[in-house]
Amino acid sequence: MPSRYSDDVLAARRARRDAKPPQVAAERGLLAEHRVTGFAGEIVQVDAAAVTLRDMRGKERHFPMRDGAFRVRGRTVTLVRPAPAPTNAARSFTASGSVASTRSRPRVARASRIYVEGIHDAELLEKVWGDDLRDAGVVVEPLGGIDDLAGAVRAFGPGPERRLGVLVDHLLPGTKEQRIVDTVRHPQVLITGHPYVDVWQGVRPRTVGITAWPTVPRGRPWKQGICDALGVDEPPAFWRRLLRSVDSYADLEQPLIGAVERLLDFVAPPEH
């Protein structure tokens, strides 16, 4: 005679089998995997009953939106057509997770600035923190490297009403970057950094459908090495694809988020 424990186990299994997968809106840019074929990529088109996925190599495939046919962030889901966007509802939150400003006119730019190493850093900050930067009146400028960081700081001329924040890649003890940063000392300058070789690594790998960023041998150009290891486009094209995959701060690693948030609070202190 079966025990009540085996009955409970069988009932739990039946419940799991019969449970319907959750519905997820098939928004453009969302990464999804078709469970039967294993084809994975970002959603680039949605029609009445199907979606088109584009993988990292640019290949596109069209799949019906059947119940439980896809996997998103490791969960089996049913993709459904997105609800129509409201025509007159104001956005509540920015991509960085901040409460969206109700200011009707843009703020005049402050004298304070945030410097970043390159154009990719600047583009990523604009993608995630653009609304916050405009609301605070803060401009982000790429330096093209930090080899002469001390000279760039002197040229900026920081002061009480002219604060400078600097975001540095690969800022770890004992690195060249740390030695350069140590040459700058000023009460109106804050330098923060993240541990990644390049800001690319600050994007969570799952955002582009991989489990981890490949390891690139020392001495080899890092971005080209990443592209070669993944078998994808040249760095400029892959960066555009990577940037498109980022929707919000949730797609970034915490050390990068924290470094940028500290700079924003420094150059544009929250108003009370």
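Everything here concerns the structure above.
In this report, we go over the structure that sits alongside the text. On a predicted model such as this, the values are computed, not experimentally measured, just so you know.

How each quantity is defined
Counting from 1, residues in each chain are numbered in the order their sequence is written. Residues qualify for local features only when their pLDDT is at least 70, as the model is predicted, and side-chain atom pairs are given and counted only at 80 or more; totals for whole chains, interfaces and linings, by contrast, use all residues. Where side-chain values are given, they derive from all heavy atoms of the structure, hydrogens and water being excluded. Secondary structure elements follow DSSP: runs of H or I of four or more residues count as helices, runs of E of two or more count as strands, with numbering from the N terminus. Polar contacts, as counted here, are pairs of nitrogen or oxygen atoms within 3.5 Å of one another; within protein the pair requires one atom able to donate a hydrogen and one able to accept it, and residues that are adjacent in sequence qualify only if both atoms are side-chain atoms. Contacts were defined at the residue level, with two residues in contact if any of their heavy atoms lie within 4.5 Å. Each axis is a line fitted through C-alpha atoms, taken for helices only over the stretch in contact, and angles between the N-to-C directions span 0 to 180 degrees. Any angle that is under 35 degrees is reported as roughly parallel, and any over 145 degrees as roughly antiparallel; angles of 65 to 115 degrees are reported as roughly perpendicular and all others as oblique. Here a crossing is called left-handed whenever its near helix is offset anticlockwise from the far helix by less than a right angle, and right-handed whenever the offset is clockwise. Polar here means any residue other than Ala, Val, Leu, Ile, Met, Phe, Trp, Tyr, Cys and Pro, which are nonpolar, and Asp, Glu, Lys and Arg, which are charged; Gly is therefore polar. Each residue is assigned to one of three classes by its accessible area relative to the maximum for its type, calculated with a 1.4 Å probe on protein chains only: buried under 20%, partly exposed between the two thresholds, exposed over 50%. At least two bridges found by DSSP between two strands are what make those strands a pair. Pairing of aromatic rings covers Phe, Tyr and Trp, the last counted by its six-membered ring, and requires centre-to-centre distances within 6.5 Å; plane angles under 30 degrees mean stacked, over 60 mean edge-to-face, and any other angle means tilted. The criterion for a charge sitting over a ring is simple: Lys NZ or Arg CZ within 6 Å of the ring centre, and within 35 degrees of the ring normal.

### Overview of the side chain of Thr207
- With respect to the helices and strands, Thr207 occurs in the loop between β11 (189-193) and α5 (222-230).
- Here the side chain of Thr207 touches Asp251 through a polar contact of 3.5 Å, landing on its backbone oxygen.
- Setting aside residues no more than four positions away along its own chain, Thr207 makes contact with Leu31, Ser245, Val246 and Asp251.

### Brief notes about the packing of helix α2 (residues 119-136) against helix α6 (residues 235-245)
- Where α2 contacts α6, the axes come no closer than 10 Å and their chain directions differ by 20 degrees. On the basis of the axis angle, α2 is roughly parallel to α6. Regarding α2 and α6, the two cross each other, and that crossing is right-handed. The segment α2 lies against α6, with His120, Glu123, Leu124 and Lys127 engaging Trp239, Leu243 and Arg244.
- Counted by class, the contact of α2 with α6 contains three nonpolar, one polar and three charged residues.

### Here we look at the pairing of strand β4 (residues 50-54)
- Among the five residues in β4, four count as buried, and that is most of the element.
- Both strand β3 (residues 40-46) and β4 contribute to a ladder of four bridges, which runs antiparallel. From the neighbouring strand, Val46 faces β4, where its bridge partner is Val51.
- In textbook terms, the turn of a hairpin is the stretch between consecutive antiparallel strands, and for β3 and β4 this stretch comprises three residues.

### Observations concerning the sheet that holds strand β9 (residues 139-142)
- Taking strand neighbours across the sheet as the criterion, the four strands line up as β9-β8-β10-β11 in an open arrangement whose pairing is parallel. Edge positions in the sheet fall to β9 and β11, since each has one partner strand and no second. For this sheet, the mean angle separating the axes of adjacent strands, direction not counted, is 20 degrees.
- Packing of α2 onto the sheet brings it into contact with β8 (113-116), β9 and β10 (164-168), and relative to β9 it is tilted by some 175 degrees.

### Here's the deal with the packing of aromatic side chains
- The tally for this structure, following the rule as stated, stands at eight aromatic pairs.
- Both rings, one in Phe39 and one in Phe63, keep their centres 5.9 Å apart while their planes meet at 45 degrees; by these two values the pair is tilted. Here the residue Phe39 occupies a position in the loop between β2 (31-34) and β3, and Phe63 occupies one in strand β5 (residues 60-64), the gap between them amounting to 24 residues. The two residues Phe39 and Phe63 agree in class, both being buried.
- The ring of Phe156 carries the charged tip of Arg162 above its face, separated from the ring centre by 4.2 Å.
- Arg163 extends its terminal NZ or CZ atom over the ring of Phe266, reaching a point 4.5 Å from the ring centre.

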